[in-house]
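Examination of the molecular architecture
In case you want the letters, here they are:
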Amino acid sequence: MLPGVFPVHRPRRLRRTAALRALVRETAVGPGDLIWPLFFSANVDEPREVPTMPGVVQLPVSAAGRVAREAADLGLGGVILFGLPQSKDARGASACDPEGPVPRAVRAMKEAAPGLVVVTDVCVDEYTDHGHCGVLRQARDGSLEVDNDATLEVLAEAALCYARAGADVVAPSDMMDGRIGAVREALDDDGFADTAILSYAVKYASAFYGPFRDAADCAPKFGDRTGYQMDPANAREALREAELDAEEGADMLMVKPGLPYLDIVALLRQEFDLPLGVYNVSGEYAMVKAAARAGMLDERRVVLELLTSLRRAGADFILTYHAPDAARWL
Ligand code: PBG
(Lines give C-alpha, C1' and ligand atoms only; values in the text may rest on other atoms or scores of the structure.)
Protein backbone atom coordinates (compact mmCIF):
# COMPACT_ATOMS: atom_id res chain seq x y z
CA MET A 1 0.00 0.00 0.00
CA LEU A 2 1.35 3.44 -0.92
CA PRO A 3 1.85 5.70 2.12
CA GLY A 4 -0.37 8.75 2.08
CA VAL A 5 -2.74 7.33 -0.46
CA PHE A 6 -5.54 4.92 0.49
CA PRO A 7 -6.91 4.77 3.18
CA VAL A 8 -5.96 8.38 3.94
CA HIS A 9 -7.46 9.65 0.73
CA ARG A 10 -11.04 8.64 0.00
CA PRO A 11 -12.59 10.76 -2.79
CA ARG A 12 -15.97 9.20 -2.01
CA ARG A 13 -16.16 11.31 1.19
CA LEU A 14 -17.19 14.30 -0.90
CA ARG A 15 -19.78 12.31 -2.84
CA ARG A 16 -21.62 11.13 0.25
CA THR A 17 -24.52 13.63 0.21
CA ALA A 18 -26.18 15.84 -2.37
CA ALA A 19 -25.12 18.91 -0.38
CA LEU A 20 -21.45 17.89 -0.39
CA ARG A 21 -21.58 17.12 -4.11
CA ALA A 22 -23.13 20.53 -4.76
CA LEU A 23 -20.44 22.23 -2.67
CA VAL A 24 -17.57 20.81 -4.73
CA ARG A 25 -19.26 20.86 -8.16
CA GLU A 26 -16.89 22.46 -10.68
CA THR A 27 -19.25 23.22 -13.56
CA ALA A 28 -22.66 24.85 -13.56
CA VAL A 29 -25.19 25.15 -16.38
CA GLY A 30 -27.99 27.68 -16.17
CA PRO A 31 -30.69 28.87 -18.56
CA GLY A 32 -28.61 32.01 -19.11
CA ASP A 33 -25.89 29.89 -20.76
CA LEU A 34 -28.28 28.65 -23.45
CA ILE A 35 -29.10 30.17 -26.83
CA TRP A 36 -32.25 28.88 -28.56
CA PRO A 37 -32.11 28.48 -32.35
CA LEU A 38 -35.37 29.48 -34.07
CA PHE A 39 -36.56 29.14 -37.66
CA PHE A 40 -38.78 31.87 -39.08
CA SER A 41 -40.47 31.09 -42.37
CA ALA A 42 -42.15 33.48 -44.78
CA ASN A 43 -44.11 30.50 -46.08
CA VAL A 44 -46.15 29.29 -43.10
CA ASP A 45 -49.10 30.77 -41.15
CA GLU A 46 -48.97 28.21 -38.35
CA PRO A 47 -45.98 26.57 -36.64
CA ARG A 48 -44.93 23.60 -38.80
CA GLU A 49 -43.20 20.56 -37.28
CA VAL A 50 -39.78 19.56 -38.59
CA PRO A 51 -40.09 15.76 -38.93
CA THR A 52 -36.39 15.04 -38.33
CA MET A 53 -36.26 17.30 -35.25
CA PRO A 54 -39.15 16.41 -32.91
CA GLY A 55 -40.19 19.46 -30.92
CA VAL A 56 -38.66 21.94 -33.39
CA VAL A 57 -40.94 23.99 -35.65
CA GLN A 58 -40.75 26.48 -38.47
CA LEU A 59 -42.44 29.58 -37.09
CA PRO A 60 -44.50 32.25 -38.83
CA VAL A 61 -43.17 35.76 -38.20
CA SER A 62 -46.45 36.49 -36.38
CA ALA A 63 -45.24 34.19 -33.57
CA ALA A 64 -42.03 36.18 -32.97
CA GLY A 65 -43.33 38.37 -30.13
CA ARG A 66 -44.80 35.42 -28.22
CA VAL A 67 -41.63 33.35 -28.60
CA ALA A 68 -39.46 36.28 -27.51
CA ARG A 69 -41.45 36.64 -24.30
CA GLU A 70 -41.25 32.89 -23.73
CA ALA A 71 -37.44 32.94 -24.14
CA ALA A 72 -37.14 35.93 -21.80
CA ASP A 73 -39.45 34.33 -19.19
CA LEU A 74 -37.35 31.16 -19.28
CA GLY A 75 -34.27 33.29 -18.59
CA LEU A 76 -32.46 32.10 -21.70
CA GLY A 77 -29.17 33.71 -22.67
CA GLY A 78 -30.56 34.54 -26.07
CA VAL A 79 -32.05 33.33 -29.33
CA ILE A 80 -30.46 32.86 -32.75
CA LEU A 81 -32.63 33.29 -35.82
CA PHE A 82 -32.60 31.49 -39.17
CA GLY A 83 -34.87 32.41 -42.06
CA LEU A 84 -36.80 30.62 -44.78
CA PRO A 85 -37.52 33.27 -47.43
CA GLN A 86 -40.30 33.47 -49.98
CA SER A 87 -37.91 33.46 -52.93
CA LYS A 88 -34.39 32.23 -53.66
CA ASP A 89 -31.90 33.18 -56.36
CA ALA A 90 -28.29 32.39 -57.33
CA ARG A 91 -26.84 35.13 -55.11
CA GLY A 92 -29.04 34.74 -52.07
CA ALA A 93 -30.27 38.33 -52.38
CA SER A 94 -33.34 37.67 -50.21
CA ALA A 95 -30.96 37.34 -47.22
CA CYS A 96 -30.63 41.13 -47.43
CA ASP A 97 -34.35 41.94 -47.71
CA PRO A 98 -35.42 44.17 -44.80
CA GLU A 99 -38.91 42.66 -45.17
CA GLY A 100 -37.55 39.09 -45.08
CA PRO A 101 -38.53 36.77 -42.22
CA VAL A 102 -35.41 37.39 -40.10
CA PRO A 103 -35.43 41.22 -40.02
CA ARG A 104 -39.19 41.21 -39.41
CA ALA A 105 -38.82 38.67 -36.59
CA VAL A 106 -35.93 40.64 -35.04
CA ARG A 107 -38.00 43.82 -34.93
CA ALA A 108 -40.97 42.01 -33.37
CA MET A 109 -38.79 40.22 -30.80
CA LYS A 110 -36.93 43.35 -29.69
CA GLU A 111 -40.26 45.12 -29.31
CA ALA A 112 -41.84 42.30 -27.29
CA ALA A 113 -38.76 41.57 -25.13
CA PRO A 114 -36.25 44.44 -25.39
CA GLY A 115 -33.86 42.81 -22.91
CA LEU A 116 -33.59 39.52 -24.81
CA VAL A 117 -30.30 39.00 -26.67
CA VAL A 118 -31.17 38.48 -30.33
CA VAL A 119 -28.53 36.92 -32.56
CA THR A 120 -28.95 36.37 -36.30
CA ASP A 121 -27.17 33.71 -38.30
CA VAL A 122 -25.48 35.25 -41.33
CA CYS A 123 -25.20 32.89 -44.29
CA VAL A 124 -26.85 32.67 -47.69
CA ASP A 125 -27.48 28.92 -47.94
CA GLU A 126 -31.14 29.34 -46.93
CA TYR A 127 -31.49 32.04 -49.59
CA THR A 128 -29.64 30.62 -52.63
CA ASP A 129 -31.49 28.42 -55.13
CA HIS A 130 -28.48 26.05 -55.24
CA GLY A 131 -28.21 25.76 -51.44
CA HIS A 132 -24.51 26.64 -51.15
CA CYS A 133 -23.18 29.18 -48.65
CA GLY A 134 -22.04 31.65 -51.29
CA VAL A 135 -22.04 32.94 -54.85
CA LEU A 136 -20.96 30.39 -57.45
CA ARG A 137 -18.43 30.68 -60.24
CA GLN A 138 -16.96 28.29 -62.77
CA ALA A 139 -13.70 26.67 -61.63
CA ARG A 140 -10.84 26.06 -64.09
CA ASP A 141 -12.01 22.50 -64.68
CA GLY A 142 -15.49 23.72 -65.60
CA SER A 143 -17.21 22.64 -62.37
CA LEU A 144 -18.97 25.14 -60.09
CA GLU A 145 -17.35 26.40 -56.89
CA VAL A 146 -18.15 29.00 -54.24
CA ASP A 147 -16.48 32.34 -55.02
CA ASN A 148 -15.05 33.50 -51.68
CA ASP A 149 -14.53 37.20 -52.34
CA ALA A 150 -17.77 37.75 -54.25
CA THR A 151 -19.64 36.17 -51.32
CA LEU A 152 -18.20 38.65 -48.80
CA GLU A 153 -20.30 41.46 -50.27
CA VAL A 154 -23.63 39.73 -49.84
CA LEU A 155 -22.70 38.54 -46.33
CA ALA A 156 -21.79 42.08 -45.27
CA GLU A 157 -25.03 43.39 -46.75
CA ALA A 158 -27.09 40.76 -44.92
CA ALA A 159 -25.34 41.44 -41.60
CA LEU A 160 -26.02 45.15 -41.99
CA CYS A 161 -29.68 44.45 -42.73
CA TYR A 162 -30.01 42.46 -39.46
CA ALA A 163 -28.15 45.12 -37.49
CA ARG A 164 -30.54 47.74 -38.83
CA ALA A 165 -33.46 45.56 -37.73
CA GLY A 166 -32.02 45.64 -34.19
CA ALA A 167 -30.01 42.43 -33.82
CA ASP A 168 -27.59 42.62 -30.87
CA VAL A 169 -25.21 40.11 -32.43
CA VAL A 170 -24.61 38.87 -35.97
CA ALA A 171 -23.14 35.40 -36.44
CA PRO A 172 -21.49 34.57 -39.77
CA SER A 173 -21.66 30.80 -40.37
CA ASP A 174 -20.51 30.60 -43.99
CA MET A 175 -16.78 29.85 -43.51
CA MET A 176 -15.60 32.25 -46.22
CA ASP A 177 -12.11 33.66 -45.61
CA GLY A 178 -12.16 37.31 -44.59
CA ARG A 179 -15.84 37.53 -43.75
CA ILE A 180 -15.40 38.76 -40.18
CA GLY A 181 -13.36 41.72 -41.40
CA ALA A 182 -15.85 42.42 -44.20
CA VAL A 183 -18.82 42.32 -41.82
CA ARG A 184 -17.04 44.47 -39.19
CA GLU A 185 -16.19 47.11 -41.79
CA ALA A 186 -19.72 47.22 -43.21
CA LEU A 187 -21.21 47.57 -39.72
CA ASP A 188 -18.77 50.27 -38.64
CA ASP A 189 -19.19 52.27 -41.86
CA ASP A 190 -22.93 52.39 -41.31
CA GLY A 191 -22.91 53.43 -37.66
CA PHE A 192 -23.26 49.96 -36.12
CA ALA A 193 -19.97 49.89 -34.23
CA ASP A 194 -21.85 48.47 -31.23
CA THR A 195 -23.28 45.43 -33.02
CA ALA A 196 -21.25 42.41 -31.90
CA ILE A 197 -19.94 39.57 -34.07
CA LEU A 198 -20.14 35.95 -32.95
CA SER A 199 -17.97 34.04 -35.39
CA TYR A 200 -18.67 30.43 -36.27
CA ALA A 201 -14.87 30.40 -36.37
CA VAL A 202 -14.40 26.65 -36.30
CA LYS A 203 -17.11 24.95 -38.32
CA TYR A 204 -16.54 21.44 -39.55
CA ALA A 205 -18.04 19.85 -42.66
CA SER A 206 -20.28 17.59 -40.60
CA ALA A 207 -22.97 14.99 -41.29
CA PHE A 208 -24.53 16.12 -38.01
CA TYR A 209 -26.12 19.10 -39.85
CA GLY A 210 -28.47 16.75 -41.73
CA PRO A 211 -31.73 17.52 -39.88
CA PHE A 212 -31.02 21.28 -39.92
CA ARG A 213 -31.04 21.21 -43.70
CA ASP A 214 -34.65 19.97 -43.53
CA ALA A 215 -35.57 22.57 -40.94
CA ALA A 216 -34.01 25.45 -42.88
CA ASP A 217 -34.53 23.99 -46.37
CA CYS A 218 -30.90 24.55 -47.31
CA ALA A 219 -29.38 21.26 -48.48
CA PRO A 220 -26.92 21.92 -51.33
CA LYS A 221 -28.43 20.89 -54.67
CA PHE A 222 -25.09 19.49 -55.84
CA GLY A 223 -21.79 18.56 -54.22
CA ASP A 224 -21.10 19.24 -50.54
CA ARG A 225 -19.55 21.89 -48.31
CA THR A 226 -16.08 20.37 -47.95
CA GLY A 227 -14.58 23.15 -50.10
CA TYR A 228 -15.29 25.71 -47.38
CA GLN A 229 -16.14 23.97 -44.10
CA MET A 230 -13.32 22.32 -42.16
CA ASP A 231 -12.06 18.76 -42.34
CA PRO A 232 -13.17 16.90 -39.17
CA ALA A 233 -9.67 15.41 -38.94
CA ASN A 234 -8.01 18.79 -38.24
CA ALA A 235 -7.32 20.39 -34.87
CA ARG A 236 -4.36 22.73 -35.52
CA GLU A 237 -6.37 24.30 -38.31
CA ALA A 238 -9.01 25.22 -35.72
CA LEU A 239 -6.47 27.40 -33.93
CA ARG A 240 -5.58 29.11 -37.18
CA GLU A 241 -9.21 29.78 -38.11
CA ALA A 242 -9.94 31.17 -34.64
CA GLU A 243 -6.81 33.33 -34.69
CA LEU A 244 -7.68 34.89 -38.03
CA ASP A 245 -11.25 35.64 -36.94
CA ALA A 246 -10.06 37.15 -33.66
CA GLU A 247 -7.66 39.38 -35.59
CA GLU A 248 -10.41 40.44 -37.99
CA GLY A 249 -12.55 41.59 -35.08
CA ALA A 250 -14.69 38.70 -33.86
CA ASP A 251 -16.08 39.49 -30.40
CA MET A 252 -16.91 35.86 -29.65
CA LEU A 253 -15.84 32.53 -31.10
CA MET A 254 -17.80 29.34 -31.68
CA VAL A 255 -17.05 25.68 -32.33
CA LYS A 256 -19.53 23.59 -34.29
CA PRO A 257 -20.67 20.78 -33.93
CA GLY A 258 -20.39 20.24 -30.17
CA LEU A 259 -20.24 16.72 -28.76
CA PRO A 260 -17.89 15.13 -31.33
CA TYR A 261 -15.56 18.16 -30.98
CA LEU A 262 -15.10 18.61 -27.21
CA ASP A 263 -11.34 18.45 -27.71
CA ILE A 264 -11.56 21.46 -30.01
CA VAL A 265 -13.66 23.37 -27.48
CA ALA A 266 -11.06 22.65 -24.80
CA LEU A 267 -8.24 23.68 -27.14
CA LEU A 268 -9.83 27.01 -27.99
CA ARG A 269 -10.67 27.68 -24.33
CA GLN A 270 -6.99 27.24 -23.52
CA GLU A 271 -5.65 29.41 -26.34
CA PHE A 272 -8.13 32.33 -26.51
CA ASP A 273 -9.63 34.68 -23.99
CA LEU A 274 -12.63 35.70 -26.10
CA PRO A 275 -16.02 34.36 -24.98
CA LEU A 276 -16.49 30.92 -26.48
CA GLY A 277 -19.69 29.30 -27.68
CA VAL A 278 -20.44 25.82 -28.94
CA TYR A 279 -23.27 24.65 -31.21
CA ASN A 280 -25.00 21.46 -30.09
CA VAL A 281 -26.28 20.87 -33.62
CA SER A 282 -29.38 19.34 -35.17
CA GLY A 283 -27.98 15.82 -35.57
CA GLU A 284 -26.87 15.71 -31.93
CA TYR A 285 -30.40 16.79 -30.94
CA ALA A 286 -32.09 14.30 -33.27
CA MET A 287 -30.08 11.38 -31.88
CA VAL A 288 -31.17 12.15 -28.31
CA LYS A 289 -34.80 12.63 -29.36
CA ALA A 290 -34.89 9.41 -31.37
CA ALA A 291 -33.32 7.36 -28.59
CA ALA A 292 -35.59 8.90 -25.97
CA ARG A 293 -38.68 8.24 -28.09
CA ALA A 294 -37.62 4.64 -28.51
CA GLY A 295 -37.37 4.34 -24.73
CA MET A 296 -33.62 3.78 -24.96
CA LEU A 297 -32.48 6.56 -22.68
CA ASP A 298 -33.68 9.13 -20.16
CA GLU A 299 -33.95 12.36 -22.16
CA ARG A 300 -33.81 14.76 -19.25
CA ARG A 301 -30.73 13.22 -17.64
CA VAL A 302 -28.95 12.84 -20.96
CA VAL A 303 -29.61 16.45 -21.98
CA LEU A 304 -28.41 17.89 -18.68
CA GLU A 305 -25.31 15.67 -18.79
CA LEU A 306 -24.40 16.66 -22.34
CA LEU A 307 -24.93 20.37 -21.65
CA THR A 308 -22.68 20.02 -18.60
CA SER A 309 -20.02 18.31 -20.72
CA LEU A 310 -20.03 21.17 -23.23
CA ARG A 311 -19.60 23.70 -20.40
CA ARG A 312 -16.93 21.56 -18.71
CA ALA A 313 -14.97 21.41 -21.98
CA GLY A 314 -14.80 25.20 -21.80
CA ALA A 315 -17.80 26.70 -23.58
CA ASP A 316 -19.26 29.84 -22.00
CA PHE A 317 -22.55 29.38 -23.83
CA ILE A 318 -24.32 26.69 -25.82
CA LEU A 319 -26.56 26.99 -28.86
CA THR A 320 -29.03 24.15 -28.43
CA TYR A 321 -32.51 23.07 -29.52
CA HIS A 322 -32.90 21.64 -26.00
CA ALA A 323 -32.79 25.21 -24.59
CA PRO A 324 -36.47 25.65 -23.57
CA ASP A 325 -36.79 22.12 -22.09
CA ALA A 326 -33.44 22.39 -20.33
CA ALA A 327 -34.32 25.80 -18.89
CA ARG A 328 -37.47 24.29 -17.39
CA TRP A 329 -35.50 21.40 -15.92
CA LEU A 330 -32.68 23.50 -14.47
C1 PBG B 1 -25.50 27.57 -42.31
C2 PBG B 1 -25.72 26.82 -41.06
C3 PBG B 1 -25.89 25.44 -40.92
C4 PBG B 1 -26.12 25.22 -39.56
C5 PBG B 1 -26.10 26.45 -38.93
N6 PBG B 1 -25.84 27.43 -39.87
C7 PBG B 1 -25.97 24.38 -41.92
C8 PBG B 1 -24.81 24.01 -42.73
O9 PBG B 1 -23.70 24.52 -42.62
O10 PBG B 1 -25.04 23.15 -43.57
C11 PBG B 1 -26.34 23.88 -38.94
C12 PBG B 1 -26.95 23.88 -37.58
C13 PBG B 1 -27.45 22.56 -37.13
O14 PBG B 1 -27.18 21.51 -37.72
O15 PBG B 1 -28.14 22.56 -36.10
N16 PBG B 1 -26.43 28.60 -42.48
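A quick note: this is a predicted structure, and the numbers were derived from the prediction, not measured.

This part is about unusual backbone geometry. Residue F6 is joined to P7 through a cis peptide bond whose omega torsion reads 5°. By the element assignment, P7 lies in the segment before α1 (18–23). Cis geometry marks the peptide bond from K256 to P257; its omega dihedral reads -5°. With respect to the helices, strands and loops of the structure, P257 is situated in the loop between β10 (252–256) and α8 (262–271). In this model, M175 sits at a positive phi of 70°, which is unusual for a non-glycine residue.

Evaluated as defined, the whole model comprises 19 salt bridges. Among the salt bridges present, the one from E70 reaches R66, with a minimum N-O distance of 3.9 Å. Of this pair, E70 and R66 both sit in helix α2 (residues 64–73), four residues apart, which is roughly one turn of that helix. One salt bridge connects R91 with E157, and the closest N-O pair in it is separated by 3.2 Å. Highlighted residues: R91 in the loop between β4 (78–84) and α3 (101–112) and E157 in helix α4 (residues 148–165), separated in sequence by 66 residues. On the basis of relative accessible area, E157 is assigned to the partly exposed category, the value being 39%.

Of all residues adjacent to the ligand, which total 18 residues, the nearest are K203, R213, K256, S282 and Y321. Here S173 contributes a side-chain N or O atom positioned 3.4 Å from a nitrogen atom of the ligand. At 2.6 Å from an oxygen atom of the ligand is found a side-chain nitrogen or oxygen belonging to Y321. In terms of residue class, the shell around the ligand is made up of eight nonpolar, three polar and seven charged.

Residues L14, L23 and V24 make up a contiguous nonpolar surface patch of roughly 290 Å² in combined accessible area. With respect to the helices and strands, V24 occurs in the loop between α1 and β1 (34–41). For V24, a relative accessible area of 39% corresponds to the partly exposed category.

This next bit is on the packing of aromatic side chains. What the rule picks out here adds up to eight aromatic pairs. When the centroid spacing of 6.1 Å and the interplanar angle of 45° are considered together, the rings of Y279 and Y321 count as tilted. Of this pair, Y279 sits in strand β11 (residues 276–280) while Y321 sits in the loop between β12 (317–320) and α11 (323–329); the two residues are 42 residues apart in sequence, bridging distant segments of the chain. Assigned by exposure class, Y279 and Y321 land together as buried. Of the aromatic side chains, those joined through ring pairs into one cluster are F39, F82, Y200, F212, Y279, Y285 and Y321.

How each quantity is defined
- Residues numbered from 1 in each chain as written.
- Predicted model: local features only at pLDDT ≥ 70, side-chain atom pairs only at ≥ 80, totals over all residues.
- Heavy atoms only, no water.
- Helix = DSSP H or I, 4+ residues; strand = E, 2+ residues; numbered from the N terminus.
- Salt bridge = Lys/Arg side-chain N within 4 Å of Asp/Glu carboxyl O.
- Buried < 20%, exposed > 50% of the residue type's maximum accessible area, 1.4 Å probe, protein only.
- Near = heavy atom within 4 Å.
- Polar contact = N/O pair within 3.5 Å; in protein donor to acceptor, adjacent residues only side chain to side chain.
- Nonpolar A, V, L, I, M, F, W, Y, C, P; charged D, E, K, R; others polar.
- Patch = residues over 30% accessible without salt bridge, like charges linked within 9 Å, V, L, I, M, F, W, Y side chains within 5 Å.
- Areas by Shrake-Rupley, 256 points an atom, 1.4 Å probe, with all protein chains shown as cover.
- Phe/Tyr/Trp six-rings, centres within 6.5 Å; stacked < 30°, edge-to-face > 60°.

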